[in-house]
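Here is what each chain is made of, one letter per residue.
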Amino acid sequence: MTDEHRTPVSLSGLSSNDPRLQPAARNPELVERVISVCFIVGTLCLAGFGACYWIDAQPWKLGATLGGGLMFLGIGIVAWGKYLMPRGPFVEERHTLANSDADRQAFAAAIVERGGSVVQRRKLLGGLLGGGMGIFGVVVMFPLLRSLGPLPKRTLQHTDWRSGSYVVDQSGRRVEVGDLAVGSIETVFPEGTENSDRGQAVDQTVLIRVSNEAFTTMKGRETWAPHGYVAYSKVCTHLGCPVGLYEQELQLLVCPCHQSMFNVTNGAVPQFGPAPRPLPQLPLYVDSSGFLRSQSDYHQAVGPGFWERS
Amino acid sequence: MSDVINTERAKKQALGPYGRVGKSLDELDDRLGVARAGRTFMDKIFPDHWSFMLGEIALYSFLILLVTGVFLTLYFIPSSAIVTYHGSYAPLDGQKMTQAFASTVNLSFAVRGGLLMRQMHHWACDIFVGAIVIHMARVFFTGAFRKPRELNWIVGSTLLILAIVNGFLGYSLPDDLVSGTGIRIAYSIILSVPLVGTYLAFWIFGGNFPGTIIIPRFFILHCLIVPLVIIGLVSAHLFLLVRQKHTQFPGNGRTEKNVVGSPMYPVFIAKTTGFLFIVGGITALLGAFAQVNPIWQFGPYDAARISYAVQPDWYMGFLDGALRIWPSWSFHGWGHTIPFEVLIPAVVLPGLIFNFVFVWPMIERKFTKDNEIHNLLDRPSNVPMRTAVGVTMLSFLGMLFIASSTDVLAKFFNVSLDTVLVAMRYLTVIVPILAFPITYRICHEIQTLHGGGRRKTPNVVARSAEGEYTATPSPRYVDDVPSHLEAAPVPTYIHEESEESGESGVRVVDR
Ligand code: HEM
Ligand code: FES
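Criteria and cut-off values
Residues numbered from 1 in each chain as written. Chains lettered and ligands numbered in written order. Predicted model: local features only at pLDDT ≥ 70, side-chain atom pairs only at ≥ 80, totals over all residues. Heavy atoms only, no water. Helix = DSSP H or I, 4+ residues; strand = E, 2+ residues; numbered from the N terminus. Rg over C-alpha atoms; globule rule 2.2 N^0.38 Å. Contact = heavy atoms within 4.5 Å. Areas by Shrake-Rupley, 256 points an atom, 1.4 Å probe, with all protein chains shown as cover. Lys, Arg positive; Asp, Glu negative; His and termini not counted. Charge placed at Lys NZ, Arg CZ, Asp CG, Glu CD. Domains from an automatic or database assignment. Expected span 1.5 Å × (residues − 1). Bend = angle between axes of the 7 residues up to and from the residue. Patch = residues over 30% accessible without salt bridge, like charges linked within 9 Å, V, L, I, M, F, W, Y side chains within 5 Å. Salt bridge = Lys/Arg side-chain N within 4 Å of Asp/Glu carboxyl O. Buried < 20%, exposed > 50% of the residue type's maximum accessible area, 1.4 Å probe, protein only. Pairing = 2+ DSSP bridges. Axes fitted to C-alpha atoms, helices over the stretch in contact; angles between N-to-C directions. Disulfide = S-S within 2.5 Å. Core = buried A, V, L, I, M, F, W, Y, C linked by side-chain atoms within 4.5 Å. pLDDT = per-residue confidence, 0-100.

1. Quick notes on the overall build of chain A
For chain A, the helix and strand inventory stands at seven helices and twelve strands. A globule of 310 residues ought to have a C-alpha radius of gyration of about 19 Å, yet chain A, at 38 Å, is considerably larger. Summarising its shape, the C-alpha atoms of chain A cover approximately 105 × 75 × 40 Å along the three principal directions. Of all intrachain contacts in chain A linking residues separated by at least 6 positions in sequence, the fraction that spans at least 24 positions is 56%. As displayed, chain A has an accessible area near 16,200 Å², and 61% of this comes from carbon and sulfur atoms. Each charge sign in chain A was given a centre, from 27 positive and 27 negative side chains, and these centres are 7 Å apart.

What follows is the structure in structure tokens.
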């Protein structure tokens, strides 16, 4: 033991009937009784929780017993602290955190003069080390970025629709020209992708039969909608939600995410909401056996905008 | 016989006046030298004010998140592998779904206590973020962030961002229809960043959306990386708090140079432990009686399907609202697209808001030229400028939040979506602009009120038999700290009046 430990320390005390040590409660006996009840009920609830878990009771019983138990114990403990413990007030001095000027200067000098001058004197070494660390910082990103995932390349620019892809529904059945009644809608995919992640997310297309004859949604698309079958990308051009709602009377496709509305008869031009572009239209044809097929891929990238989208 | 007693007494004597506990503490002090710091810590004073509990709510709901979260990891399977469901929830029988979704349904229906734990976890998250926001508001409006506490303001704001991010990650894990749509939107938001957006998105998702790696990645982030960072920052937050000591409201002998309140041990420990139990209890009761995120009703995620009720958790509402009301301006040219319709509301706007929050203490210092240390809090009405800025910001966020339910509002008021959209666009601008002068004015009005900020006790008015009225103030509230008493340092010992009467209260111990 050092000498310091033997120096007398002064402990401040208060007399037991000091008003600051009295409980806040006006009637401590009553409060104590209430707290006892809280503790008893809380303990019973928690035991009940154990029993409920044991017998595999319904979830709400588990929650009620656990919650009730914690609440009663908690209220009891808070009341104990608030009403039965010394009410105070007590005080603690604050000491300024700032050190003396001498200490501060010594600290600053250590950094600026001692450390700084070492580097100043060996500029070459400093530069070389800095360069090495810089290179390290860059190359360490290589394995990280490569492991994170592939580069986008042009995968966002096209879908799996090809010239001659069969139009199939969710179960993979090829759609024939007689399948949809006028006014009905179906989600379709290029054959072979209907069960793949990419097919679901990128290739998804809404097929709507708007009439019985070839339909023109826009100038230059006269041949795209044979027998009234119009097909648009189902990926909203705002943020990519599936444009799943079809308002037949208004001929609108509605995106439930932020309520963008696209005009089905007019090239899916957005009529309302935050979507900036029409849904791309898929050119269709009907082959000699009566199956719906795509003339080509979409002519623009589907879905939301991105920098490389031309 | 007397020998036995004597040895017992000798043993007691050898242990010293504080018995076994004292002896163990001596041993500990020999090795770590903790006596002085430990004593100071137990005497640490906590100011008594309800608003100081807000940070505690955040802390305790975070503890509940950790405990319930560990339970969930025992059953949740973070995998996008497709399985066919044959579990105890009949309506989904035979459906194809990811293991993540199937294991969450199992947690809800087959695991004992699983549904309760899931719902408690979700509720604790909502409470966590909510408590942080309200805690932050109290720190802001009372000026607790001023010098020397700017650093803790920055640590705290970072915690808010991390809490929101981790909430989103966790919400996404079950891979249900609603949360999957949320991930899709997040992916598109990342895509919108000029130049690097597609690279970022591909790196985060391991390729094009959705891929099969995002659930396992979110799982690692949600259960390991982000919580570790939160724990680190919460520790830093509390360390700074102890080092710099609490702020306090002025009055009753409180000065810039002291802290008045209850000591850590035993009063604060009791109150705060009880409070932990109460927060736990409320979470459990919510988990028991308030259904939250019933993923089995939404069904498994399928990129080509959509549910009608797409709504994120509340703390994401302001982003969703901004995306809804921002106009569809997009740039297209020179072979490139800049999706301003996404970039501005979902990237630039939150960036601006959070940067504003981070640098607010510096902005304020610039305007007030006040470089003093502040330990006494402001009453919000005494600083009308700051209060008005805060209310403006909150009302702006509030309007964005309301804007996230344009469709619900249109249905509720039976007006067209168009009307609601236009109305919300105007309101989001007008309400905050009006909020500023109104708040400023109200603050000035409050300043002129007499006795503002003091706890009021009712006067009891009685009419005597002669018809004379008398008003007597009722006694103070039981839990009010008595204002007539002068605050004393926390006593080390308490002496009985009978044996040591008249002593000054200082005892010298030779060690
Ligand atoms: C994980 C989230 C958080 C936790 C667990 C937490 C916890 C706490 C606790 C327990 C206190 C003690 C006093 C009180 O409750 O008022 C405190 C004080 C403080 N917090 Fe937080 N907090 C969180 C987030 C924040 C945020 C978002 C901010 C602001 C941007 C913030 C700023 C502060 C400041 C400046 C103090 C010192 C105030 C004073 O001494 O009066 N905290 N925090
Ligand atoms: S994603 Fe369709 S409107 Fe936003």
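From this point, the narrative continues.
2. Some words on the domain arrangement of chain B
In terms of domains, chain B is made up of domain 1 (2-33) and domain 2 (49-320). The C-alpha centroid of domain 2 of chain B is placed 48 Å from the C-alpha centroid of domain 1 of chain B.

3. A look at helix α14 (residues 340-368) of chain B
All names here are of chain B. The end-to-end C-alpha distance of α14, which contains 29 residues, comes to just 36 Å, noticeably less than the 42 Å that a straight helix rising 1.5 Å per residue would cover. A bend of about 55 degrees at V359 is the largest found in α14, and the proline P361 appears one to four places after it. Positioned one or two residues after α14, K369 has a phi angle of 55 degrees, which is positive.

4. Structural notes on a nonpolar patch on the surface
Residues and elements named next belong to chain B. On the surface, L63, L66, V67, I220, L221, L224, I225, L228, V229 and I231 cluster together into a nonpolar patch covering about 810 Å² of accessible area. Only α4 (53-73) and α10 (214-244) provide two or more residues apiece to the nonpolar patch. Ranked by the residues each element gives to the nonpolar patch, the list is headed by α10, at seven residues. Judged by its relative accessible area of 41%, I225 falls in the partly exposed class.

5. Side note on the sheet that holds strand β9 (residues 261-263) of chain A
Within a beta sheet, neighbouring strands are joined by backbone hydrogen bonds and run either parallel or antiparallel to one another. Residues and elements named next belong to chain A. Pairing is antiparallel in the open sheet, where four strands are placed in the order β7-β8-β9-β10. Two strands close off the open sheet at either side, each with one partner strand: β7 (245-247) and β10 (269-272). Taken pair by pair, the neighbouring strands of this sheet meet at an average axis angle of 35 degrees, ignoring direction. Bridging between β9 and β10 involves three bridges; their strand directions are antiparallel. If you follow F262 over to β10, its bridge partner there is P270.

6. As for the sheet that holds strand β9 (residues 488-489) of chain B
Across the sheet, which stays open at both edges, the four strands sit in the order β1(B)-β4(B)-β2(A)-β9(B) with mixed pairing between neighbours. Here the strands that pair on one side only, and so sit at the sheet edges, are β1 (45-46) and β9 of chain B. As judged from the four bridges shared by strand β2 (residues 90-93) of chain A and strand β4 (residues 258-263) of chain B, these two strands associate in the antiparallel manner. Bridge pairing links E92 of chain A to V259 of chain B in β4 of chain B.

7. Details of the state of the cysteines
Residues and elements named next belong to chain A. If you walk through the whole model with that rule in mind, you get one disulfide over all chains. Shown here is the disulfide that connects C241 with C257, its sulfur atoms set 2.0 Å apart. Since a negative S-S torsion denotes a left-handed disulfide, the C241-C257 link at about -80 degrees is left-handed. One end of the pair, C241, is in the loop between β6 (229-233) and β7; the other, C257, is in the loop between β8 (252-254) and β9, with 16 residues separating them in the sequence. The buried category is assigned to C257, whose relative accessible area is 3%.

8. Re the nonpolar core
Membership of the largest hydrophobic core comes to 111 residues, with the highest contact counts inside it found for V167 and L207 of chain A together with Y187 of chain B. The element best represented in this core is helix α6 (residues 114-141) of chain B, accounting for 13 residues. Once residues lying within four places of it in the same chain are set aside, the contact partners of L207 of chain A are V167, V175, L180, S184, I185, E186, V188, Y229, V230, A231, L284 and L292 of chain A. Grouped together as the second largest cluster of nonpolar side chains are 26 residues, C257, F262 and V264 of chain A together with L323 of chain B included.

9. Observations concerning the confidence of the model for chain B
All names here are of chain B. This prediction gives chain B a mean pLDDT of 88; 91% of its residues lie at or above 70. Below a pLDDT of 50 lies the segment residues 499-505, which in the model reaches eight contacts outside its immediate sequence neighbourhood of four places, other chains included. Reported confidence for the predicted complex is 0.89 by ipTM and 0.89 by pTM.

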